[in-house]
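So you can see what is in the structure, the chains are spelled out below.
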Amino acid sequence: MLIGIPKEIKNNEYRIGMTPAGVRELISHGHKVMVQRDGGSAIGLLNEQYEAAGAQLIDTPEEIFATAEMIIKVKEPQPNECKMLRPGQLLFTYLHLAPDPEQTRLLIESDCIAIAYETVTDSHGGLPLLAPMSEVAGRMAIQAGAHALEKSQGGMGILLGGVPGVAPAKVTVIGGGVVGINAARMAMGLGADVTILDRSIPRLKALDEQYGPRLKTLYSSVESIEHEVVASDLVIGAVLIPGAAAPKLVTREMLKEMKNGSVLVDVAIDQGGCFETSHATTHQNPTYEVEGIIHYCVANMPGGVARTSTFALTNATLPFALALANKGYKQALQNDPHLRNGLNIHRGKVTYSAVAHDLGYDYLSAEDAIK
C-alpha cells in the first residue's frame, strides 16, 4: 500500500502521524511511505531520519493527497485537506466529528473512508488509540491549571501544593477515566487536595483501593458536581462519551458561585466541552475569562508536548495501521470488530451511531457498509 503522512497544519500542532521507526516498520512489511518534508522537524524528527527509514520525502501535501491510498494524520483534516481527499481514499486520524458538522459534511462529500482513532476499542472496553493522548492531556491539565492559577496569568495566585502552614489548593476532577486518573495522580503528586467524581461505582472503588485516603472519591450527580465545583480552586473536565458530544456538566450559574480567579481546564473540548461556557482555544491564546473564572480550553493539548505525544501515538496506532495496509481496509475491519468501531464515515455515509444521532444523519452500520 502507498501510505502518505502529511505535515499537520492546525494552529501550533507539531505532532506528526508516524515516527521514523514506525515508517521503517511499515516499509519492512512491503509498503511504500511518503512523508512531507519537514513534517516532524519541529520536534527533532528530521528529514534524514525519515529517509534513512526508507520514506520518500514529498514537498507538498497536494502530492501526498493526490497519490496515497491511505493518509495517516494526527488531527482532524482541516477544510482544505478535506477537499483534497479522493473517493475511496482511506483516512486514519483523530476526527471528533460529533461537535464538528462542517468537517463531517466535507468528509461525506469527499466519498472517502474515514477511521477515527478515538472510537477504536479494545477487548477491555477501552479506547487504545485515545488512551495515550488522554494520558498526556490528563497530566498536562494539571500543569496548565497550576500555571493559570498564577496571579500573572489571571488566576487567584495559589500554589497547588501550598507550603507548610498554608493549605493546598482544592482540585476537583470530573470523570474517572484515563484523563481523570492521570490528572488526579499529577495533582496528588504536587500535594493538592484532590477529589474525583464518576458515575461508575466499580471505578470509584478501584480508585479508592489504589490511592486510599490521598484521593477523595464521590459519586457524580448534579448536586455533588455543584458542591465540589463551587468549593474548588481548579476543576478538570475529563468526561467522555465515546464519539458523542460531551454533556454540559458545569453551568454558568455554578461559575457565579465560584471564587474569582479559580480555573477550569476542559479536556473534553475536542468533543465540544463539558462546561457550558467552554469554547475551543489554541496554545497561542489558551485562556479566557467568564464570570471571573479562567477557562483553559485548548483543543489539542497533547500538541504542546508534541515529541512525547508523537512517540506515544505511534506506539498505539502502528499495529492498526499495519493491519489496514497488510489486509486492505475491508478485510482488516471484517477481521477486527474493535478496529471496525473506528469507522465513522464510509463512502458518503455516517457509520458511527453517536455521530449520526448528534448531527442528524441517517446511520449505516459499519458491518453493512463494508459488505
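Residue positions are counted from 1 within each chain, in the order its sequence is given. Note on the predicted model: pLDDT of at least 70 is required for a residue's local features to be given, and 80 or more for side-chain atom pairs to be given and counted; whole-chain, interface and lining totals, by contrast, use all residues. Just so you know, side-chain values use all the structure's heavy atoms and leave hydrogens and water out.

Caption draft 1: Up close: the layout of surface pockets. One number sums up the size of the largest pocket: a volume of about 920 Å³. Throughout, the protein atoms alone are placed on a 1 Å grid, and a set of points is a cavity if a 1.4 Å probe fits but cannot get out or a pocket if it is open with protein on both sides within 12 Å along at least five of seven lines; lining residues have an atom within 4 Å of a point. Contributing to the lining of the largest pocket are 47 residues, with Gly177, Val179, Ala238, Val239 and Leu240 lying nearest its centre. Secondary structure elements follow DSSP: runs of H or I of four or more residues count as helices, runs of E of two or more count as strands, with numbering from the N terminus. Looking at the lining of the largest pocket, the elements that each hand over two or more residues are α6 (131-148), α7 (178-189), β8 (193-198) and α9 (222-231). The leading source of residues in the lining of the largest pocket is α6, at four residues. Grid points are joined across faces, edges and corners, and a volume is the space filled by probe spheres set on the points. Its volume calculated, the second largest pocket comes out at about 390 Å³. Lining the second largest pocket are 24 residues; nearest its centre among them are Lys10, Glu76, Asp100, Ala280 and Ala299. When residues in the lining of the second largest pocket are grouped by element, the largest group, three residues, is from helix α5 (residues 101-110). Among the residues making up the lining of the second largest pocket, the classes are represented as nine nonpolar, ten polar and five charged. Residue type decides the class: Asp, Glu, Lys and Arg count as charged, Ala, Val, Leu, Ile, Met, Phe, Trp, Tyr, Cys and Pro as nonpolar, and the leftover types, Gly among them, as polar.

Caption draft 2: Local environment of the pattern of salt bridges. For this document, the term salt bridge refers to a Lys or Arg side-chain nitrogen within 4 Å of an Asp or Glu carboxyl oxygen. For the structure shown, the criterion picks out 16 salt bridges. Across the pair glutamate 8 and lysine 73 runs a salt bridge, and its minimum N-O distance is 2.8 Å. Taken as a pair, glutamate 8 in the loop between β1 (2-5) and α1 (20-28) and lysine 73 in the loop between β4 (70-72) and α4 (79-82) lie far apart in primary sequence, 65 residues in all. Grouping residues by exposure puts glutamate 8 and lysine 73 together as buried. The partner of lysine 73 in a salt bridge is glutamate 81, and the shortest N-O contact between them spans 3.5 Å. For the exposure calls, accessible area comes from a 1.4 Å probe over protein chains only, and a residue counts as buried if that area is under 20% of its type's maximum, exposed if over 50%, partly exposed in between.

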